[in-house]
Amino acid sequence: MIYCAVPHPVSVLADMQPMVSIALRVLREAGEELVHAVERFDFERASDQEISKFIADSSIGTEKQIIFKLRKHFQDDNFQGRETGTHARNPDANAVWLINPMAGKDNFRSGLPLYSLVLVHQVNGKTEHALIVNPATGEEFTATRGRGAEMNGRRIRTSDRAKLSQAILGIKFPGIADSERNDRLRERIGKLTTQTRMIRALGNDALTMAHVAAGHIDAAWLGDVDEFSLEAGALMAKEAGCLITDFSGGHDAMTQRDVIVSNAKLLKGVLQGSL
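Worth saying up front: this structure is predicted, and the values here are computed from it rather than measured. (Residues numbered from 1 in each chain as written. Predicted model: local features only at pLDDT ≥ 70, side-chain atom pairs only at ≥ 80, totals over all residues. Heavy atoms only, no water.)

Asks: Whenever I open this one, the layout of surface pockets confuses me. Can you help?
Replies: Where empty space is left can be seen by rolling a probe of water-molecule size over the atoms. Within this model, the largest pocket holds a volume of roughly 460 Å³. Among the elements of the structure, strand S3 (95-103), helix H3 (105-110) and helix H5 (205-213) are those that each provide at least two residues to the lining of the largest pocket. Residues belonging to the lining of the largest pocket are distributed by class as follows: seven nonpolar, seven polar and seven charged. (1 Å grid on protein atoms, 1.4 Å probe; cavity = no way out; pocket = protein on both sides within 12 Å on 5 of 7 lines; lining within 4 Å. Points joined across faces, edges and corners; volume = space filled by probe spheres on them. Helix = DSSP H or I, 4+ residues; strand = E, 2+ residues; numbered from the N terminus. Nonpolar A, V, L, I, M, F, W, Y, C, P; charged D, E, K, R; others polar.)

Asks: What is the right way to look at unusual backbone geometry in this model?
Replies: Outside of glycine, negative phi angles account for most residues, and trans bonds account for most peptide bonds. The residue Asn 152 is not glycine, and still its phi comes out positive at about 50 degrees. Locating Asn 152 in the fold gives a position in the loop between strand S7 (148-151) and strand S8 (154-155). Not every positive phi belongs to a glycine, and Asp 224 is a case in point at roughly 55 degrees. Mapping Asp 224 onto the fold places it in the loop between strand S11 (219-222) and helix H6 (227-239).

Asks: Please clarify how the sheet that holds strand S13 (residues 259-262) should be interpreted in this entry.
Replies: What holds strands together in a sheet is hydrogen bonding between their backbones, with the strands either parallel or antiparallel. Taken together, five strands build an open sheet; the order of strands is S10-S9-S11-S13-S12 and the sheet is mixed. Unpaired on one side and paired on the other, strand S10 (198-200) and strand S12 (243-245) mark the two borders of the sheet. Neighbour-to-neighbour, the strand axes of this sheet turn through a mean angle of 20 degrees, independent of strand direction. On top of the sheet, H5 reaches strand S9 (168-171), S11 and S13; it is set at about 160 degrees to S11, its chief contact. (Pairing = 2+ DSSP bridges. Axes fitted to C-alpha atoms, helices over the stretch in contact; angles between N-to-C directions. Contact = heavy atoms within 4.5 Å.)

Asks: Please explain the packing of H5 against H6 as it appears in this structure.
Replies: When two helices pack together, their arrangement is given by the angle between the helix axes and by the axis-to-axis distance. Following both chains from N to C, one finds H5 and H6 inclined at 0 degrees, their axes separated by 8 Å at the closest point. By the angle class used here, H5 and H6 are roughly parallel. Along the contact surface, H5 presents Ala 206, Met 209, Ala 210 and Ala 213, while H6 presents Ser 229, Leu 230, Gly 233, Ala 234, Met 236 and Ala 237. (Parallel < 35°, antiparallel > 145°, perpendicular 65-115°, else oblique.)

Asks: In this structure, what is going on with the packing of aromatic side chains? I would like to understand it.
Replies: In this description, an aromatic ring pair is defined by two values, namely the gap between the centres and the angle between the planes. For the structure shown, the criterion picks out eight aromatic pairs. Aromatic ring contacts, followed pair by pair, group Phe 41, Phe 43, Phe 54, Phe 108 and Tyr 115 into a single cluster. (Phe/Tyr/Trp six-rings, centres within 6.5 Å; stacked < 30°, edge-to-face > 60°.)

Asks: Where do I start with the sheet that holds strand S2 (residues 85-87) in this structure?
Replies: Ordered by their spatial adjacency, eight strands build an open sheet running S2-S1-S3-S4-S5-S6-S7-S8, and the pairing between neighbours is mixed. Here the strands that pair on one side only, and so sit at the sheet edges, are S2 and S8. Inspection of the sheet shows strand S6 (residues 139-144) paired to S7 by four bridges, in the antiparallel sense. Bridge assignment links Ala 143 to a residue of S7, and that residue is Ala 149.

Asks: Mind showing me how you'd approach the confidence of the model for the chain here?
Replies: Predicted coordinates in regions of low pLDDT should not be interpreted in detail. The share of residues in the chain with pLDDT of 70 or more is 94%, and the mean pLDDT across the chain is 91. Across residues 1-14 the pLDDT falls below 50, and counting only partners more than four positions away or on other chains, this stretch makes 30 contacts in the model. (pLDDT = per-residue confidence, 0-100.)

Asks: Is there a simple way to think about the environment of Ala 167 in this case?
Replies: By the element assignment, Ala 167 lies in the loop between S8 and S9. With 99 residues separating them in the primary sequence, Ala 167 and Leu 266 have C-alpha atoms 8.3 Å apart. With near-sequence residues (within four places) excluded, Ala 167 lies in contact with Arg 161, Thr 196, Arg 197, Met 198, Asp 218 and Leu 266.

Asks: Looking at this structure, I do not really get the packing of helix H1 (residues 18-40) against helix H2 (residues 48-73). What am I missing?
Replies: Where H1 meets H2, the closest approach of the two axes is 10 Å, and the angle between their N-to-C directions is 155 degrees. Relative to H2, H1 is oriented roughly antiparallel. The handedness of the crossing between H1 and H2 comes out as right-handed. On H2, the residues touching Ile 22, Ala 23, Val 26, Leu 27, Glu 29, Ala 30, Glu 33, Leu 34, Ala 37 and Val 38 of H1 are Phe 54, Ser 58, Thr 62, Gln 65, Ile 66, Lys 69, Leu 70 and His 73. In terms of residue class, the contact of H1 with H2 is made up of 11 nonpolar, four polar and three charged. (Left-handed = near helix turned anticlockwise from the far one by under 90°.)

Asks: Can you help me understand the nonpolar core in this one?
Replies: Generally speaking, a soluble globular protein has its nonpolar side chains buried in company with each other. Ile 66, Leu 70, Phe 108 and Leu 119 are the most contacted members of the largest nonpolar core, which totals 30 residues. Those elements that place two or more of their residues in this core are H1, H2, S3, strand S4 (116-123) and strand S5 (126-134). Not counting chain neighbours up to four residues away, the residues in contact with Ile 66 comprise Val 26, Leu 27, Ala 30, Ile 99, Leu 117 and Leu 119. Counting residues in each nonpolar core, the second largest holds 21 residues, with Val 118, Ile 132, Ala 143 and Leu 207 among its members. (Core = buried A, V, L, I, M, F, W, Y, C linked by side-chain atoms within 4.5 Å. Buried < 20%, exposed > 50% of the residue type's maximum accessible area, 1.4 Å probe, protein only.)

Here it is in structure tokens:
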């Protein structure tokens, strides 16, 4: 595996919300250790079983490290890890951290530097802060409700491209299983691919939504998004000016976990182009 990490000046943290600054440092440290572990592991010679064990151990270890370090600063909060489950010391706490230590796990297995650490802070069930960090490339996306979204300390805004024929569209293809749902999704995605300038399947829902927020991708069509990636990506996208709907253009994206993320000018074209 070859990775190129981008250095991040500590000074960019000065303008962030204090809670986000602390969380970003925690993710950065955990990400650096994960990258070092990758550098030491011999993927070429390892068996599939050894690789699977390495990925599982890395995910669990990274998650535990994030929880341990966050708890030092936020002792009254609870934690929900994708790998290790609920860590609730305070049953009455109204604040919880959602942690996915390795979004884009298949990319990680394949050596693609398109995996990320995802962190969400919720208060009374509402997402207030979101962080998506790619430790392999040094991309750090953060968002705070009502205060916008940033990438590496700079404010981001979604694109204003209006024509589907000129747009870059992020896609998550359905699995190989034959089902009515998958057949229907393949048909709709197929229609979009013939009308869009460029299709990108990053294999990481959280990063895809973050790149829509940053204007690198104009819209995204993502099915069956995991809860943590969806909560983080949705706040990131909304704070950057994106609109979010379900596949029919309705308001059930967060419950159905089938999501269209788009700049405002392009959303109608994405919906119509898939029909």
